[in-house]
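Remarks on the overall topology
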Amino acid sequence: MNNNFGIAVHGGAGTILRSLMTPEKEALYIKGLQEAIDAGHKILISGGSSVDAVEAAVMVLENFPLFNAGKGAVFTNKGTHEMDASIMDGKTLEAGAVSGISNVQNPVALARLIKDKSGHVFLCGSEAETFAKLMQLPFQPDDYFYEEGRYKQWQEVKDSDGYQLDHTVNSGEGKKFGTVGAVALDLHGNIAAATSTGGMTNKRFGRVGDSPMIGAGTYANNHTCAVSCTGHGEYFIRAVVAYDISCLMEYKGYTLKQACDYVVKDKLVKLGGEGGLIAIDKSGNIELPFNSEGMYRAYKKGNTDAVVKIYED
Ligand code: ASP
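Residues numbered from 1 in each chain as written. Predicted model: local features only at pLDDT ≥ 70, side-chain atom pairs only at ≥ 80, totals over all residues. Heavy atoms only, no water.

Brief notes about the nonpolar core
Quick reminder of the rule: Here the nonpolar core consists of buried residues drawn from Ala, Val, Leu, Ile, Met, Phe, Trp, Tyr and Cys, with membership extended through side-chain atoms lying within 4.5 Å. Three labels apply to residues, based on accessible area from a 1.4 Å probe with only protein chains included: buried if under 20% of the type maximum, exposed if over 50%, partly exposed otherwise in between. Between two residues, a contact is recorded if the distance between any of their heavy atoms is within 4.5 Å.
In terms of nonpolar packing, the biggest core is built from 50 residues, with V9, F67, L110 and Y296 touching the most fellow members. The contacts of V9, once residues within four sequence positions are left out, are L33, A36, I37, A57, L61, G181, A182, I278, Y296, R297 and A298. L185, A226, A242 and F290 belong to the second largest nonpolar core, which has 35 residues in total.

Pasting the structure below:
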């Protein structure tokens, strides 16, 4: 065992401006991020696995209504909540993913069970819910997922063909992507990543973003890095963002920082893809790049104090 471990989490990126935030809300976001870091850190410091740590951290964020995942997930065009999640173990390259599920309290826990117990990687829709029931995961009624701000966002666009990335500027809170995620390195030198989202407000036709797609929104490989993304999913899918960062390290010898900067601040910008990501490598280096105004994010290396940030500075 080495002494090097760490965890990072995100709660979405976008037009997150100080001028649009109240001190009360800011304190709540910070609390949510800090609690997620604490949940993961507790597991890591006692010798637990990075997979357990990212699952626990993401569950805290899913249970926290201000983030667009689990409780507080955005509304679809039909006024429902359809959630996506994924998780990947960098040691074994085993992965689990799920899309378009409703009423499952913690989609990341379902992704984890798909990885461990289904014999598959990716399940979707009502049959994935059947598997969740078989695994005895907790379900919640529709109103558990209700969050007033998200309902207002949906009211603004629900009679149009448009869809919104969580918040838009005219919703009073700035455009932001509220997906959540975590990456971690454990004391055994293993890394993992997990991501969970409600997707986009007013989405329809079974739209699925990057978050549950292994290689796009989530990826982990002990030889390179673990990555969890947030942003305009269509672009992150087309740029295969998480795997691209791993590939740049594996095939071109980039450092984690070089790979993250190139993909997020150059390639994605040229494509028009707004958002960001969190990443950790096998040495415990952590990067949290984004090309939007802000990103809810936090990290903790070993036993140092957690660093929690929202805005650019
Ligand atoms: N990436 C997510 C999606 O496109 C949205 C987000 O990050 O908030 O579904």
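Describing the site of the ligand
How we decide: It suffices for a single heavy atom of a residue to lie within 4 Å of a molecule or strand for the residue to be listed as near it. Distance and chemistry together define a polar contact, namely a pair of N or O atoms within 3.5 Å, with one atom able to donate a hydrogen and the other to accept it when in protein, and with adjacent residues in sequence counting only for side-chain atoms on both sides. For every accessible area listed, the method is Shrake-Rupley and the probe measures 1.4 Å; residues are considered covered only by the protein chains on display.
Around the ligand, 11 residues are found, and the nearest of them are T179, R207, D210, T230 and G231. Between the ligand and the protein, one listed contact pairs a nitrogen atom with a backbone N or O atom of G231 at 2.7 Å. At 3.0 Å from an oxygen atom of the ligand is found a main-chain nitrogen or oxygen belonging to G233. In isolation the ligand offers 270 Å² of accessible surface; the protein chains occlude 100% of this area.

A few points about the confidence of the model for the protein chain
Close inspection of predicted coordinates is inappropriate for parts of the model with low pLDDT. Operational definition: On a scale of 0 to 100, pLDDT captures the predictor's confidence in every residue. The helix count covers DSSP runs of H or I at least four residues long, the strand count covers runs of E at least two residues long, and both are numbered beginning at the N terminus.
For the protein chain, the average pLDDT comes to 93, and 94% of its residues sit at 70 or higher. No element of the protein chain has a lower mean pLDDT than helix α5 (residues 148-157), at 85, and none a higher one than strand β7 (residues 218-220), at 99.

Structural notes on the pattern of salt bridges
For clarity, the cut-off: The term salt bridge refers to a pairing of a side-chain nitrogen on Lys or Arg with a carboxyl oxygen on Asp or Glu at a separation within 4 Å.
In total, this model carries 11 salt bridges according to the counting rule given. Across the pair E55 and R112 runs a salt bridge, and its minimum N-O distance is 2.8 Å. Placement of the pair is E55 in helix α2 (residues 50-62) and R112 in helix α3 (residues 107-118), with a sequence separation of 57 residues. Taking relative accessible area as the criterion, R112 reaches 16% and is therefore assigned buried. With a closest N to O distance of 2.7 Å, K115 and D116 form a salt bridge. Its relative accessible area of 11% is what places K115 among the buried residues.

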